[in-house]
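This is what each chain is made of:
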Amino acid sequence: MNKLTLTAALLASTMIAGLASASDCETTLRSSDTHPEGYPTVVAVEAMGEILKESTDSKLCVEVFHSAQLGQEKDTIEQTQFGVIDLNRVSLGPFNNIIEETQIPSLPYIFRSVEHMHHVMDGPIGEEILAAFAEHDLIGLAFYDGGSRSFYNREKPINSMEDLAGMKFRVMQSDLFVDMVDALGANATPMPYGEVYSSIQTGVIDGAENNWPSFESSGHFEVAGYYTLDQHLIVPEVLVMSKKTWDGLSAEDQAAVKAAAKASVPVMRDLWAEREKASEAKVRAAGVEIVENIDKTPFIEAMVPVYEKYVTSDKLKDLVTRIQATE
Ligand code: GTR
């Protein structure tokens, strides 16, 4: 068999395999994720799909398109609003410019710890924020974890805010994060996740910011040898469904989708805890210089103008007050 025939044969067999698995279910929902196979968010949505298949008696299944196969987050959000993509697992960051309520749990240092974030997002405030998606052609199903995000770069160890001065960092496509980096005295470049590796490698930017699992799985640690644990963001991640898809489901199936999404949250949290440790170990073993225990007070103080700019309406002020008052 020549190379071309072999490729065609392989393609045909993959397609047949695909059809066979799709025919197991009446409807297969397409879900997007920027992360690679095996990443906690990808596995959690796959687990959600298994639960859904079971609870709907194979009426509804989920197929996760990992590794940004369906596009970068900002574009996939639009496609989900249009109903081209059924489900999407994304950080809250890329929603900030569209849904103002998502800015509040995305504020730097709003959460005192990951536990604090869980208490808030698992309760009525989380439900309110999920409900805010409906006006934007999306249904908020559940929140996942994104650990805490810190700065990494290719140039030097960052020991204080002064060290950040004039450096160029990639942020998610959110005005709030641009202002956050500016307020720290550095320069922000918003860009899709998939462009960050080569941009650091070629020096277009000095670095970026993310959690341990993303820093590791993206390979950014190979090109950015300094990581400072300033933990400026604990941004939750969210699983959303296209409102178009949702509206086409019976009330019973909608309830099954919601329940399966909620049931995948503890699965995700367990996977996350494991992966965080493994990623940290891998990054440390690779020789990345880690700056720990830095004084966060100047970072927190520098965020006052950012809060002033974004927390404007009574509704948003009330959300901040209630989050801060949550144990
Ligand atoms: C990750 C997050 C992704 C994506 C990425 C980024 O931590 O899980 O959804 O938002 O960060 O920085 O673009």
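Everything numeric here is computed off the predicted structure, so don't read it as measured data.

The rules behind these values
- Residues numbered from 1 in each chain as written.
- Predicted model: local features only at pLDDT ≥ 70, side-chain atom pairs only at ≥ 80, totals over all residues.
- Heavy atoms only, no water.
- Core = buried A, V, L, I, M, F, W, Y, C linked by side-chain atoms within 4.5 Å.
- Buried < 20%, exposed > 50% of the residue type's maximum accessible area, 1.4 Å probe, protein only.
- Helix = DSSP H or I, 4+ residues; strand = E, 2+ residues; numbered from the N terminus.
- Domains from an automatic or database assignment.
- Contact = heavy atoms within 4.5 Å.
- 1 Å grid on protein atoms, 1.4 Å probe; cavity = no way out; pocket = protein on both sides within 12 Å on 5 of 7 lines; lining within 4 Å.
- Points joined across faces, edges and corners; volume = space filled by probe spheres on them.
- Phe/Tyr/Trp six-rings, centres within 6.5 Å; stacked < 30°, edge-to-face > 60°.
- Pairing = 2+ DSSP bridges.
- Right-handed = clockwise from strand over helix to strand, strands pointing away.
- pLDDT = per-residue confidence, 0-100.
- Axes fitted to C-alpha atoms, helices over the stretch in contact; angles between N-to-C directions.
- Salt bridge = Lys/Arg side-chain N within 4 Å of Asp/Glu carboxyl O.
- Near = heavy atom within 4 Å.
- Polar contact = N/O pair within 3.5 Å; in protein donor to acceptor, adjacent residues only side chain to side chain.
- Areas by Shrake-Rupley, 256 points an atom, 1.4 Å probe, with all protein chains shown as cover.
- Sits in = over half its atoms within 2 Å of the grid points.
- Nonpolar A, V, L, I, M, F, W, Y, C, P; charged D, E, K, R; others polar.

Our next topic: the nonpolar core. Counting residues in hydrophobic clusters, the biggest one holds 54 residues, and the most contacted among them are Phe95 and Leu164. With five residues, the top contributor of residues to this core is helix α6 (residues 175–183). Two domains each provide a minimum of three residues to this core, namely domain 1 (3–146 + 236–277) and domain 2 (149–234 + 288–325). Leaving out residues up to four positions away in the same chain, Phe95 has contacts with Ile77, Val90, Thr102, Phe133, Leu138, Val238 and Val240. Within the second largest apolar cluster, 26 residues are counted, among which are Met48, Leu52, Ala260 and Trp272.

To continue, consider the layout of surface pockets. Remark: the empty space left among the atoms is shown by a probe the size of a water molecule rolled over them. The volume enclosed by the second largest pocket comes to roughly 220 Å³. Looking at the second largest pocket, it is lined by 15 residues, and the ones nearest its centre are Arg112, Ser113, Ser148, Gln231 and Ile234. For the lining of the second largest pocket, the element with the most residues is strand β9 (residues 226–233), which contributes three residues. Viewed by domain, the lining of the second largest pocket spans two of them, domain 1 (3–146 + 236–277) and domain 2 (149–234 + 288–325), each represented by three or more residues.

This model, assessed by the stated rule, comprises eight aromatic pairs. Look at Phe151 and Phe169: their rings are 4.8 Å apart centre to centre, the planes differ by 55°, and that puts the pair in the tilted class. With Phe151 in strand β5 (residues 149–153) and Phe169 in strand β6 (residues 168–171), the pair connects residues that are 18 residues apart, well separated along the chain. On the basis of an interplanar angle of 20° and a centroid distance of 4.2 Å, the ring pair of Tyr152 and Phe215 is categorised as stacked. Taken together, the residues Tyr152 in strand β5 and Phe215 in helix α8 (residues 212–217) connect sequence positions 63 residues apart. In this structure Phe215 comes out as buried when scored by relative accessible area, which is 0%.

Quick look at the pairing of strand β1 (residues 27–32) now. Pairing of β1 with strand β2 (residues 60–65), which is carried by six bridges, proceeds in the parallel orientation. Each bridged residue has a counterpart across the sheet, and for Ser32 the counterpart in β2 is Phe65. Once the chain exits β1 it traverses helix α2 (residues 40–55) before rejoining the sheet at β2, and the crossover so formed is right-handed. Alignment of β1 against strand β3 (residues 87–91), held across two bridges, turns out to be parallel. Residue Ser31 lies in a different strand from β3, and its bridge partner there is Leu87.

Next up on the list: the confidence of the model for the protein chain. Of all residues in the protein chain, 93% have pLDDT values of 70 or greater, and the mean over the chain is 94. Low confidence marks residues 1–22, where pLDDT is under 50. Its contacts with residues over four positions away, or in another chain, come to three contacts.

Turning to helix α4 (residues 114–121), a few remarks are in order. For α4, the complete set of buried residues consists of His116, Met117, His118, Val120 and Met121. As for α4, its buried residues are in contact with α5 (124–131), β4 (138–144), α11 (251–285) and α14 (314–325).

Each strand in a sheet pairs with another by means of backbone hydrogen bonds, the pair being arranged parallel or else antiparallel. Strand order in the open sheet made by the five strands is β2-β1-β3-β10-β4, with mixed pairing throughout. Only two strands of the sheet have a single partner each, and these edge strands are β2 and β4. Adjacent strand axes in the sheet meet at a mean angle of 25° when their direction is disregarded. Taken strand by strand, helix α3 (residues 73–82) contacts β1, β3, β4 and β10 (237–242), and its axis lies near 145° from that of β3. Lying on the sheet, α11 is in contact with β2, β4 and β10; it crosses β4 at an angle near 25°.

Take the pattern of salt bridges next. Summed over the entire model, instances satisfying the criterion amount to 20 salt bridges. Between Arg269 and Asp122 there is a salt bridge; the shortest N-O distance is 2.9 Å. Placement of Arg269 in helix α11 and of Asp122 in the loop between α4 and α5 is noted, with a sequence separation of 147 residues between them. A salt bridge links Glu292 to Arg284; the nearest nitrogen and oxygen atoms lie 3.2 Å apart. Since its relative accessible area comes to 39%, Glu292 is described here as partly exposed. Looking at Arg284, the relative accessible area reads 33%, which means it is partly exposed.

Another aspect to go through is the site of the ligand. Neighbouring the ligand are 13 residues; His35, Glu73, Arg170, Asn210 and Glu237 lie closest to it. Between the ligand and Glu73 there is a distance of 2.5 Å, counted from an oxygen atom to a side-chain nitrogen or oxygen. A distance of 2.7 Å is found between an oxygen atom of the ligand and a side-chain nitrogen or oxygen belonging to Asn210. When the ligand is considered free in solution it has 320 Å² of accessible area, and contact with the protein chains removes 99% of it. Judged by the fraction of its atoms near the pocket grid, the ligand is located in the largest cavity. Per-class residue counts for the shell around the ligand are two nonpolar, six polar and five charged.

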